[in-house]
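Listed below, chain by chain, are the residues.
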Amino acid sequence: MDKHIDNAKWLTYFAPFKALSISAAYLTPFFLEKGLSLSQIFLLQSIFSLAVLLWEIPSGYIADRLGRAFSIKLSAPIAAVAMIAYGFSGQFWQFVICELVLAMAYGLISGIDTALLIDSLKAQGRETDFVKLSQRMNAMGFASTAVGVPLAILLVHYVSISSTLVADGLLTLVGMIFALKLVEAPHSNGSTEAVRLSAWHAVRQLGGNAEARWLVALGAVLGTSTYIAYWLSAPYYSGMGIPVVLFSVILAIRSLWKAWLSHKFHQTRHIERNMLVYAALAGLVYMSMGTGWIWLVWLVLGHDVIQALQGPPITARLNAYIEHEYRATINSVINLVQRLVFMLAGPLVGLVVDRSGLKIGLVSTGLVCSTLAFVALARLHRLRTFEDKL
């Protein structure tokens, strides 16, 4: 029996160890504690995104030449070392180095784990299980954050916020147990010796289709709206008078909520209506946060709805335009487009917050995100993208 049939299982077991389940709630407080401004925090994330963009093609070459399972196995120890070093760092230049190393690790797994899963399922004639298994991996990642809450609280209370990053680095080393069990799967369509399409070629291929362009734009705007909110959540909670030690409890509740949503709802109908709801929620949640009213704090769950549910139907539509042998590469490029949007938007939002205050930053971000999402949806409605397509 071919060993690659277990790759889906090992990738699922490895998923929780990639989620930063201990430190996720404390990353912004960690940076603020080290004296960084929000502009500098977003700049760090932009540096990471730029490094990932530049590393995409070389990391793809490594995966295609030396093996996708090998690439994932190489990624785990690099990420672990970077996270542990992060916990012991205190200067901006040190954080930049750690982000560059993390980008190297991320590039060795981003899109490559998807390719390995696709190849493994195709070899078994189970391609239709891909979406279900991907959602299961996402749910495992969300749930792991809730499981890590007790340890996170103990570390913050008795040790330090920095220790949560070290703990996640050590957990990544534990996750290597599952990564090391991965084996190479047969490449589809005789592409064993082929180097992946270049990122630019993939972008041009998608760019030639109007529906694909606006689908990518919609996914990037909705994804970026929740990504920016994640980094602004800590100062928002602090403004509400919520103790830092409770941040992980809040994140655990939100993660369980996202895990339940990912498990419960598999969208096959009324996609356009759902997207309209997500576009409205993107701005509504920011508006509620901008009021500073504690009784509206529960509305942050709206961003979790977007994060948990907007991706699969958009990805499904986009994959209808992608040739099978290039599916993993182009999906990786789509993710990079979202990172590029965040790379540009993040520092701007941080600058607005630093100069004009959190309230204005939240309200303006919400207005921009909802407006751009509605523009993309208007274009997709005109193209009848979501009518009887799924």
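Residues numbered from 1 in each chain as written. Predicted model: local features only at pLDDT ≥ 70, side-chain atom pairs only at ≥ 80, totals over all residues. Heavy atoms only, no water.

(A) Representation of the overall build of the protein chain. If you tally the helices and strands in the protein chain, you get 17 helices and 0 strands. Here the protein chain holds 390 residues, and 53% of them are scored as buried. For the protein chain, long-range pairs separated by at least 24 residues make up 86% of all intrachain contacts whose partners lie at least 6 apart in sequence. Only carbon and sulfur atoms are counted for the fraction: they give 66% of the accessible area of the protein chain, which is about 17,400 Å². (Helix = DSSP H or I, 4+ residues; strand = E, 2+ residues; numbered from the N terminus. Buried < 20%, exposed > 50% of the residue type's maximum accessible area, 1.4 Å probe, protein only. Contact = heavy atoms within 4.5 Å. Areas by Shrake-Rupley, 256 points an atom, 1.4 Å probe, with all protein chains shown as cover.)

(B) Up close: the packing of helix 11 (residues 210-239) against helix 17 (residues 358-382). Helix 17 packs onto helix 11 with a crossing angle of 165 degrees between their chain directions and a minimal axis gap of 9 Å. As judged from the angle between their axes, helix 11 and helix 17 are roughly antiparallel. Pair helix 11 / helix 17 crosses with left-handed handedness. Counting all contacts with helix 11, which are made through Glu 211, Trp 214, Leu 215, Leu 218, Val 221, Leu 222, Ser 225, Ile 228, Leu 232, Pro 235 and Tyr 236, the residues of helix 17 involved are Leu 358, Leu 362, Thr 365, Cys 369, Leu 372, Ala 373, Val 375, Ala 376, Leu 377, Arg 379 and Leu 380. The residue makeup of the contact of helix 11 with helix 17, split by class, is 18 nonpolar, 2 polar and 2 charged. (Axes fitted to C-alpha atoms, helices over the stretch in contact; angles between N-to-C directions. Parallel < 35°, antiparallel > 145°, perpendicular 65-115°, else oblique. Left-handed = near helix turned anticlockwise from the far one by under 90°. Nonpolar A, V, L, I, M, F, W, Y, C, P; charged D, E, K, R; others polar.)

(C) Local environment of a nonpolar patch on the surface. On the surface, a nonpolar cluster with roughly 260 Å² of combined accessible area is contributed by Leu 66, Phe 70 and Leu 74. With relative accessibility at 36%, the residue Phe 70 sits in the partly exposed group. (Patch = residues over 30% accessible without salt bridge, like charges linked within 9 Å, V, L, I, M, F, W, Y side chains within 5 Å. Salt bridge = Lys/Arg side-chain N within 4 Å of Asp/Glu carboxyl O.)

(D) Summary view of the side chain of Thr 28. Mapped onto the secondary structure, Thr 28 falls in helix 2 (residues 27-33). Since its relative accessible area comes to 3%, Thr 28 is described here as buried. A distance of 3.3 Å separates a polar atom in the side chain of Thr 28 from the backbone oxygen of Trp 231. Filtering out sequence-adjacent residues up to four positions away, Thr 28 remains in contact with Ile 41, Tyr 230, Trp 231, Ala 234 and Pro 235. (Polar contact = N/O pair within 3.5 Å; in protein donor to acceptor, adjacent residues only side chain to side chain.)

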